[in-house]
Amino acid sequence: MRAAVLHEIGQDKLDVLDDVEAVGFGPGKVRVRLRATGLCHSDVSAMSGVLPQPAPFIPGHEGAGEILDVGDGVTGVQQGDRVLMCWLPSCRACPACKRGQTQLCLAGFMNAGTPNFKRPGGDVFGFAGTGTFVEEVVVDAGCAVPIPQDVPFEIAALIGCGVTTGLGAAINTAKVEAGSSVAVIGCGGVGISTIQGARVQGAAQIVAVDPVASRREAALSFGATEAVSPDELADARQRITGGEGFDYVFEVVGKSATARTAYETTRRGGTLCIVGAGAMDDFLQLNMFELFFDEKRILPSMYGGGDVLRSYERAITLWRAGRIDLESLITHRVQLAEINEALHQMRTGEALRTCIEI
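Residues numbered from 1 in each chain as written. Predicted model: local features only at pLDDT ≥ 70, side-chain atom pairs only at ≥ 80, totals over all residues. Heavy atoms only, no water.

In the nomenclature of an unreviewed UniProt entry, the chain is known as Zn-dependent alcohol dehydrogenase of Streptomyces pratisoli.

## A few points about the overall build of the chain
Operational definition: A run of DSSP states H or I qualifies as a helix once it reaches four residues; a run of E qualifies as a strand once it reaches two. Both are numbered from the N-terminal end. To get the radius of gyration, use the C-alpha atoms; to get the globule rule, take the number of residues to the power 0.38 and multiply by 2.2 Å. Here the term buried applies to any residue with accessible area under 20% of the maximum for its type, exposed to any over 50%, and partly exposed to those in between, with areas from a 1.4 Å probe on protein chains only. Throughout, a contact is declared for two residues whenever any of their heavy atoms are within 4.5 Å.
A tally of regular secondary structure across the chain gives twelve helices and 19 strands. Against the 2.2 N^0.38 benchmark of 21 Å for 358 residues, the chain shows a C-alpha radius of gyration of 20 Å, consistent with a compact globule. With the C-alpha coordinates of the chain rotated into their principal frame, the extents come out at 60 × 40 × 40 Å. For the chain, with 358 residues in total, the buried portion stands at 55%. Relative to all contacts within the chain whose residues are 6 or more apart in sequence, the contacts with residues 24 or more apart total 70%.

## Some points on the pairing of strand 15 (residues 246-251)
The side chains of a regular strand alternate, first on one face of the sheet and then on the other. This is how the line gets drawn: In this scheme, strands are said to pair when DSSP sees at least two bridges between them. Whether a crossover is right-handed depends on one test, that the path from the first strand over the helix to the second runs clockwise when the strands point away from the viewer.
Extensive coverage of strand 15 is indicated by the burial of six of its six residues. Alignment of strand 15 against strand 16 (residues 266-274), held across five bridges, turns out to be parallel. Looking at the pairing, Tyr-248 lines up with Thr-271 of strand 16. Between the parallel pair strand 15 and strand 16, the chain is carried across by helix 9 (residues 256-265), and the sense of this crossover is right-handed.

## Some details on the pairing of strand 18 (residues 330-335)
Two elements, strand 18 and strand 19 (residues 353-357), share five bridges in a ladder whose sense is parallel. Bridge pairing in strand 19 places Arg-333 opposite Cys-355. In this region the chain leaves strand 18, passes through helix 12 (residues 339-347) and returns to the parallel neighbour strand 19; the handedness of that crossover is right-handed.

## Looking at the packing of aromatic side chains
We apply this condition: Centres within 6.5 Å are what make two rings of Phe, Tyr or Trp a pair, Trp counting through its six-membered ring; a difference in plane orientation under 30 degrees is then read as stacked, over 60 as edge-to-face, and the rest as tilted.
One pass over the full model with this rule turns up three aromatic pairs. For the ring pair Trp-87 and Tyr-303, a centre distance of 4.6 Å and an interplane angle of 25 degrees mean the geometry is stacked. With Trp-87 in the loop between strand 7 (82-85) and helix 2 (95-98) and Tyr-303 in the loop between strand 17 (297-300) and helix 11 (308-320), this pair connects stretches of sequence that are 216 residues apart. You'll find Trp-87 and Tyr-303 in the same group, each marked buried. Plain terms: the ring middles of Phe-289 and Phe-293 are 5.1 Å apart, the flat faces sit at 15 degrees to each other, and that makes the pair stacked.

## Digging into the packing of helix 1 (residues 41-48) against helix 12
To describe two helices that pack against each other, one gives the angle between their axes and the distance between the axes. Put simply, the test is: Axis definition: a line fitted to C-alpha atoms, over the contacting stretch in the case of helices. Angles run 0 to 180 degrees between N-to-C directions. Each angle is binned into one of four classes, with values under 35 degrees roughly parallel, values over 145 roughly antiparallel, values of 65 to 115 roughly perpendicular, and all other values oblique. Under the scheme applied here, ten amino acids are nonpolar (Ala, Val, Leu, Ile, Met, Phe, Trp, Tyr, Cys and Pro), four are charged (Asp, Glu, Lys and Arg), and all others, including Gly, are polar.
Viewed as axis vectors pointing N to C, helix 1 and helix 12 meet at an angle of 100 degrees, and their least axial separation amounts to 11 Å. One element, helix 1, and the other, helix 12, form an angle in the roughly perpendicular class. Where helix 1 abuts helix 12, its residues His-41, Val-44 and Met-47 lie against Leu-343, Met-346 and Arg-347. Here the contact of helix 1 with helix 12 is built from residues that sort into four nonpolar, one polar and one charged.

## Some points on the sheet that holds strand 3 (residues 21-22)
Strands sit in the order 3-8-9-5 across an open sheet of four strands; the sheet is mixed. With partners counted over all chains shown, the strands left at the sheet margins are strand 3 and strand 5 (57-58), one partner each.

## Some words on a nonpolar patch on the surface
Let me state the cut-off plainly: Residues enter patches when they are more than 30% accessible in relative terms and free of salt bridges; like-charged ones are connected within 9 Å and nonpolar ones (Val, Leu, Ile, Met, Phe, Trp, Tyr) within 5 Å. To be clear on the numbers: accessible area is Shrake-Rupley with a 1.4 Å probe, and residue cover counts the displayed protein chains and nothing else. A carboxyl oxygen of Asp or Glu within 4 Å of a side-chain nitrogen of Lys or Arg is what we treat as a salt bridge.
Nonpolar side chains collect at one region of the surface, where Leu-104, Leu-106, Phe-109, Met-110 and Met-302 lie side by side and expose about 470 Å² of accessible area between them. Inspection of the secondary structure assignment puts Phe-109 in helix 3 (residues 107-110). By relative accessible area, Phe-109 is classed as partly exposed at 38%.

## A word on the nonpolar core
For clarity, the threshold we go by: To qualify as a nonpolar core, a set must consist of buried Ala, Val, Leu, Ile, Met, Phe, Trp, Tyr and Cys residues joined through side-chain atoms within 4.5 Å.
Ranked by internal contacts, the top residues of the largest apolar core, which has 100 residues, are Val-32, Ile-58, Phe-133, Ile-159, Val-182, Ile-195 and Phe-250. If sequence neighbours within four positions are ignored, Val-32 has contacts with Gly-65, Glu-66, Ile-67, Leu-68, Val-83, Met-85, Glu-135, Glu-136, Val-137 and Ala-144. Counting 14 residues, the second largest nonpolar core, distinct from the first, contains Val-228, Leu-233, Tyr-263 and Ile-274.

## Considerations on unusual backbone geometry
The omega torsion across Ala-55 and Pro-56 is 0 degrees, close enough to zero to call that bond cis. With respect to the helices and strands, the residue Pro-56 is situated in the loop between helix 1 and strand 5. In this model, Ala-128 sits at a positive phi of 55 degrees, which is unusual for a non-glycine residue. Among the secondary structure elements, Ala-128 is positioned in the loop between strand 9 (122-126) and strand 10 (136-140). Residue class for Ala-128 comes out buried when judged on its relative accessible area of 15%. Positive phi, close to 50 degrees, is recorded for Glu-295, a residue that is not glycine. Of note, Glu-295 is situated in the loop between helix 10 (288-294) and strand 17. On the accessibility criterion, Glu-295 (60% relative accessible area) is exposed.

## Details of the pattern of salt bridges
Inspection of the entire model under this criterion finds 16 salt bridges. Taking the shortest distance from any N to any O, the salt bridge between Glu-62 and Arg-353 comes out at 3.0 Å. One end of the pair, Glu-62, is in strand 6 (residues 62-70); the other, Arg-353, is in strand 19, with 291 residues separating them in the sequence. Residues Glu-62 and Arg-353 agree in their burial class; the two are buried.

## Here we look at the sheet that holds strand 16
Strand order in the open sheet formed by six strands is 14-13-12-15-16-17, and the pairing between neighbours is parallel. Edge positions in the sheet fall to strand 14 (226-228) and strand 17, since each has one partner strand and no second. In this sheet, adjacent strand axes meet at a mean angle of 20 degrees when their direction is disregarded.

Here's what the structure looks like:
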């Protein structure tokens, strides 16, 4: 079958091959025919080595499709079900799950070290234990979450990661209050979803910050009240907050430099929410006095900071009600053979989300 493979960490292009086989099917597993997948910045970060991932591997973790077969003991889904891919399924039994923090369950991460594909030359891993730039994939049954018939595959794919992450950061993690002021630094697919989450929560001012003009323009259509370049952020802070700083600032880039800017842009007693996934060797520096004196809350948000199954359901409900716009997040569509064009669209900031049709 066809799949897009990265042979070595650090390569900037994928190799679309037709000699890949999905392996590992058996008890507790399902085989999924992918129909659509989104390109998330985390895929690019894994390709470059920012996020740890063994190679060779198939990127992609934001997908949706149909169940082809189920292994023994699988009861939650059956052949023919429409599903989205959950790259971080919870075991519901570990201490984190029992505390209700299912997004911190480590069970799903265990899958990342086990290859679920192979080629004539050897094993191939799936990114984050999934790997959705492929026609078929074998995953744990918990990774395949049923979706209603009225949810298109491309919309379900986005809900599988970017939308859930962004909405959840505003709703679950930061718990944005009505009437508050918000700044979102980084306005790709996740940042736009964060803006929509802040709007749903009733924020009065939502300032989108991005160096790419087309993304700033798009942010305004998704609920931002103002959109500025990074160089204009200090002026926006002065005009909108009288220099005090925003009630909530979301860093959706994953770099210490922008996190530091976000900290400085947050008012004393306000909330800085870290949404971007960064590198292990990129350190954010804060001094002990400012931590004490400013009393700013620093809240990392992992996969939307809440139960992902509930978050999926909420995203679908908000989408059905017209409270969030998911269709417009998809600015480009390509076939799997054109995956490198999708990578170019993301790296240049041309696309919010590119849908890869499989």
